[in-house]
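Structural features, examined
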Amino acid sequence: MTRENAVVVTGAASGIGRDLAVGFWEAGWRVVGVDLDDAGLARLAGELDDRFRTRVGDVADPRTHDGAALLIEPDAGVLCWINNAGYNVSGSVHEISRDQYERGIAVDLGGAFWGTASAVRLMLEHGGGSIVNITSTHALVGFPGHAAYATAKAGIIGLTRQVAAEFAGRGIRCNAIAPGLVRTPLAQLALEAADDPAALRASWDELCPVGRWGEPHDVTALALHLAAPQSAFMTGQVLVVDGGQTVLARGQ
């Protein structure tokens, strides 16, 4: 009997996380979806079958991740853990309050940190696995007004490389995906809330030299590759999915 592969996806109730959960489920994986949005998880569970399980909780709390790990079957095949959940903190470094900073760092960086900790413990018992951390192009280039978010996303890159180096000999791989502009409900809400949506849309369009925005499935396709044995020789890498944003010099 073939053992089923298993993956944990944080932030699974919407956006990229939802697409990741559905994409892995469609590929035959057992999926544990983690999110603070219990209603969103319930809606997704209603669309899938019993290969999708849910863990409601705050990713800033290590207990949320430990609880998700308990939902993985002991006889699972390949293991993957995707730290995707995020929290958008807007504001330049001199404008952000301590509360905004602490919540942003706790979710964006702490969520990846504690998720990785639970994943490593699970994978050491299992004999290995693949951790995929979702960072951002904000960690690679500057965007005015996103100091805390960029700081957290850059920290995820450091975490990724540290874990990759420390556990390479134990069968645990750790890589990161850095998406650029991706069409998600949160992006749409930000666009609608802008003082000048048309101007913001035009500036965002310029971030995509390939001529379109990214879609969640662009991230999912790469995550599926990083979870599979075909990427077994890859670890500690940051793979950018941004439609050419970070390679095109502006103002030339």
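Here, every reference points to the structure presented above.
Presented here is a report on the structure given in the accompanying data block. Not measured: the values here are computed from a predicted model.

Thresholds, definitions, all that
Residues numbered from 1 in each chain as written. Predicted model: local features only at pLDDT ≥ 70, side-chain atom pairs only at ≥ 80, totals over all residues. Heavy atoms only, no water. Helix = DSSP H or I, 4+ residues; strand = E, 2+ residues; numbered from the N terminus. Rg over C-alpha atoms; globule rule 2.2 N^0.38 Å. Buried < 20%, exposed > 50% of the residue type's maximum accessible area, 1.4 Å probe, protein only. Contact = heavy atoms within 4.5 Å. Areas by Shrake-Rupley, 256 points an atom, 1.4 Å probe, with all protein chains shown as cover. Lys, Arg positive; Asp, Glu negative; His and termini not counted. Charge placed at Lys NZ, Arg CZ, Asp CG, Glu CD. 1 Å grid on protein atoms, 1.4 Å probe; cavity = no way out; pocket = protein on both sides within 12 Å on 5 of 7 lines; lining within 4 Å. Points joined across faces, edges and corners; volume = space filled by probe spheres on them. Nonpolar A, V, L, I, M, F, W, Y, C, P; charged D, E, K, R; others polar. Phe/Tyr/Trp six-rings, centres within 6.5 Å; stacked < 30°, edge-to-face > 60°. Lys NZ or Arg CZ within 6 Å of the ring centre and 35° of its normal. Pairing = 2+ DSSP bridges. Axes fitted to C-alpha atoms, helices over the stretch in contact; angles between N-to-C directions. Left-handed = near helix turned anticlockwise from the far one by under 90°.

**Brief notes about the overall build of the protein**
- A count of helical and extended segments in the protein gives nine helices and seven strands.
- On C-alpha atoms alone, the protein measures out to a radius of gyration of 18 Å, which is about the 18 Å that the 2.2 N^0.38 rule sets for 252 residues.
- Taken over the C-alpha atoms alone, the protein extends approximately 55 × 40 × 40 Å along its principal axes.
- Buried positions account for 47% of the 252 residues belonging to the protein.
- Look at the contacts in the protein between residues 6 or more apart in sequence, and 69% of them connect residues 24 or more apart.
- As displayed, the protein offers around 12200 Å² of accessible surface, 54% of which is attributable to carbon and sulfur atoms.
- Counting 19 positive and 28 negative side-chain charges, the protein places the centres of these two groups 5 Å from one another.

**Quick notes on the environment of G169**
- Inspection of the secondary structure assignment puts G169 in the loop between helix 6 (147-167) and strand 6 (172-179).
- Judged by its relative accessible area of 78%, G169 is exposed.
- In this structure the C-alpha to C-alpha distance between G169 and K153, which are 16 residues apart in sequence, comes to 26 Å.

**Some words on empty space enclosed by the protein**
- Summed over the entire model, instances satisfying the criterion amount to three cavities of 30 Å³ or more.
- Approximately 60 Å³ is the volume found for the largest cavity.
- Examining the composition of the lining of the largest cavity, we find that three residues originate from one element, strand 2 (residues 30-35), more than from any other.
- When the residues that make up the lining of the largest cavity are grouped by side-chain class, the tally is five nonpolar, no polar and four charged.

**Here we look at the packing of aromatic side chains**
- Tallied over the entire structure, the rule returns three aromatic pairs.
- On the numbers, 5.0 Å between centres and 85° between planes, the contact of F113 with W114 is edge-to-face.
- Judged by centre distance (5.6 Å) and plane angle (65°), the rings of W204 and W213 are edge-to-face.
- For W204, a relative accessible area of 16% gives the class buried.
- The ring of Y87 has R103 sitting right over it, with the charged end atom 5.8 Å from the ring centre.

**Side note on the sheet that holds strand 2**
- Sheet architecture is open: seven strands sit in the order 3-2-1-4-5-6-7, paired in parallel fashion. The open sheet has two edge strands, strand 3 (52-56) and strand 7 (238-241), and neither has a second partner. Here the average twist between neighbouring strands, direction ignored, is 20°.
- Pairing geometry for strand 5 (residues 129-134) and strand 6, over six bridges, is parallel. Of the residues in strand 6, the one forming a bridge with I134 is I177.
- In the packing of helix 3 (residues 62-69) onto the sheet, contacts are made with strand 1 (6-10), strand 2, strand 3 and strand 4 (79-83), and the angle to strand 3 comes to roughly 160°.
- Against the sheet, helix 9 (residues 216-227) engages strand 4, strand 5, strand 6 and strand 7, with an angle of about 165° to strand 6.

**Topic: the packing of helix 3 against helix 5 (residues 110-126)**
- Taken N-terminus to C-terminus, the directions of helix 3 and helix 5 make an angle of 35°; their axes are 9 Å apart at the nearest point. The handedness of the crossing between helix 3 and helix 5 comes out as right-handed. Between helix 3, through P62, H65, D66 and A69, and helix 5, the contact on the second element is made entirely by G111, W114, G115, S118, R121 and L122.
- Among the residues making up the contact of helix 3 with helix 5, the classes are represented as four nonpolar, four polar and two charged.

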